[in-house]
Amino acid sequence: MDPLDLARAEALRVLHSAAEALELQSLPRAEQFRFRPDGKGGELATPYPRIAWVDPSALAAACPPSPLLEQVRPSGGWLAIDLSDAWRDTVRSYDLSLTPAEVSTPPAPDFPARILPASWRFQALLPQPQAALAARLDGGNPYTKLLRAQQLAQADFREQPSRLVLNHCALLAHLLTLGDDPKAVAQQALTLAEQFLLTRCEGAATSHFLELSRILLGI
């Protein structure tokens, strides 16, 4: 189970326990949880209190402690769930074996400058692919940005914690585990690269998941 599914399963277990303690008629379901890497309104959040017609504060108070959940708190009519350092450790240690996905890449368009095959393959997976971007050799090329982030992350394995970077790692790990949406993997890998370049934190995890992304995407 990847870290994101693990967090959802644990949150569901905790809310089930709280709902049963309060003798609620409607029980929470897995699809009622949404994940936000920026943590606004909780990294996990659910509208379940509205669905079950229960006071969010009472529901939060009835939740048993969990090593994976740092805090369960009311947020408007929702419950906001902050994930713990123990959960973040599961992200850092998560690994999986991958083979390249079957991706149909359109022929690279004619362009005055040379376009590297890997650069075009990555560009073609992103929204509105542009030959001009795929041909660039600087950070304006998404593939160059991806490589730069991975190189810097490999060179500097600082373990300075970053919730945001690790949350993006967890989301990428989830997409890699599913392995059925290369476009989503490409877009999330680029997002992770951009977040790392802004923070220079969690180098080991960033390098690991960017490398897995490149394996899956065949770049």
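A tally of helices and strands in the protein yields 10 helices and 4 strands. Beginning at the N terminus, the succession of helices and strands in the protein can be written as α-β-β-α-α-β-β-α-α-α-α-α-α-α. On the principal axes, the C-alpha backbone points of the protein span a range of 70 × 35 × 30 Å. Within the span of the protein, comprising 219 residues, buried residues form 48% of the whole. Considering only contacts within the protein whose residues lie at least 6 apart along the sequence, 64% involve residues at least 24 apart. Looking at the protein as shown, the accessible area adds up to about 10,600 Å², and 54% of this sits on carbon and sulfur atoms. A distance of 7 Å separates the average location of the 20 positive side-chain charges in the protein from that of its 24 negative side-chain charges.

On to the packing of helix α8 (residues 163-178) against helix α9 (residues 182-199). Running from N to C, α8 and α9 cross one another at 160 degrees; their axes reach a closest spacing of 9 Å. As far as their axial angle goes, α9 and α8 are roughly antiparallel. The way α8 lies across α9 gives a crossing that is left-handed. Residues Leu164, Val165, His168, Cys169, Leu171, Leu172, Leu175 and Leu176 of α8 form the contact with α9, whose own contacting residues are Ala184, Val185, Gln188, Ala189, Thr191, Leu192, Gln195 and Thr199. Its residues assigned to classes, the contact of α8 with α9 comprises 11 nonpolar, 5 polar and no charged.

Note that soluble globular proteins tend to have their nonpolar side chains buried in a common cluster. The biggest cluster of nonpolar side chains holds 62 residues, and the ones touching the most others in it are Ile81, Phe122, Leu176 and Phe209. Ala124, Ala131, Ala134 and Ala135 belong to the second-largest nonpolar core, a separate cluster that totals 6 residues.

It is worth spelling out the packing of aromatic side chains at this point. A full pass over the atoms with the stated rule returns 1 aromatic pair. Summarising the aromatic geometry, the rings of phenylalanine 122 and tyrosine 143 are spaced 6.3 Å apart at their centres and angled 55 degrees between planes, so their arrangement reads as tilted. Separated by 21 residues along the polypeptide, phenylalanine 122 in helix α5 (residues 117-124) and tyrosine 143 in helix α7 (residues 142-155) bring together distant segments of the chain. Tyrosine 143 sits in the buried class, given a relative accessible area of 8%.

The next subject is the side chain of serine 66. Looking at the secondary structure, you find serine 66 in the loop between α3 (56-61) and β3 (69-75). For serine 66, the side chain forms a polar contact with the side chain of glutamate 10, separated by 2.5 Å. Sequence-distant contacts of serine 66, defined by excluding residues within four places in its chain, comprise Glu10, Arg13 and Val14.

As a further point, take the pairing of strand β4 (residues 78-83). Most of β4 is tucked away, with 5 of its 6 residues classed as buried. Bridge count for strand β2 (residues 44-46) against β4 is 3 bridges, and the pairing is antiparallel. Paired with leucine 44 across the strands is isoleucine 81, a residue of β4. Across 6 bridges, β3 lies against β4 in antiparallel orientation. Its bridge partner being in β4, valine 72 is matched across the sheet by isoleucine 81.

Calculation criteria
Residues numbered from 1 in each chain as written. Predicted model: local features only at pLDDT ≥ 70, side-chain atom pairs only at ≥ 80, totals over all residues. Heavy atoms only, no water. Helix = DSSP H or I, 4+ residues; strand = E, 2+ residues; numbered from the N terminus. Buried < 20%, exposed > 50% of the residue type's maximum accessible area, 1.4 Å probe, protein only. Contact = heavy atoms within 4.5 Å. Areas by Shrake-Rupley, 256 points an atom, 1.4 Å probe, with all protein chains shown as cover. Lys, Arg positive; Asp, Glu negative; His and termini not counted. Charge placed at Lys NZ, Arg CZ, Asp CG, Glu CD. Axes fitted to C-alpha atoms, helices over the stretch in contact; angles between N-to-C directions. Parallel < 35°, antiparallel > 145°, perpendicular 65-115°, else oblique. Left-handed = near helix turned anticlockwise from the far one by under 90°. Nonpolar A, V, L, I, M, F, W, Y, C, P; charged D, E, K, R; others polar. Core = buried A, V, L, I, M, F, W, Y, C linked by side-chain atoms within 4.5 Å. Phe/Tyr/Trp six-rings, centres within 6.5 Å; stacked < 30°, edge-to-face > 60°. Polar contact = N/O pair within 3.5 Å; in protein donor to acceptor, adjacent residues only side chain to side chain. Pairing = 2+ DSSP bridges.

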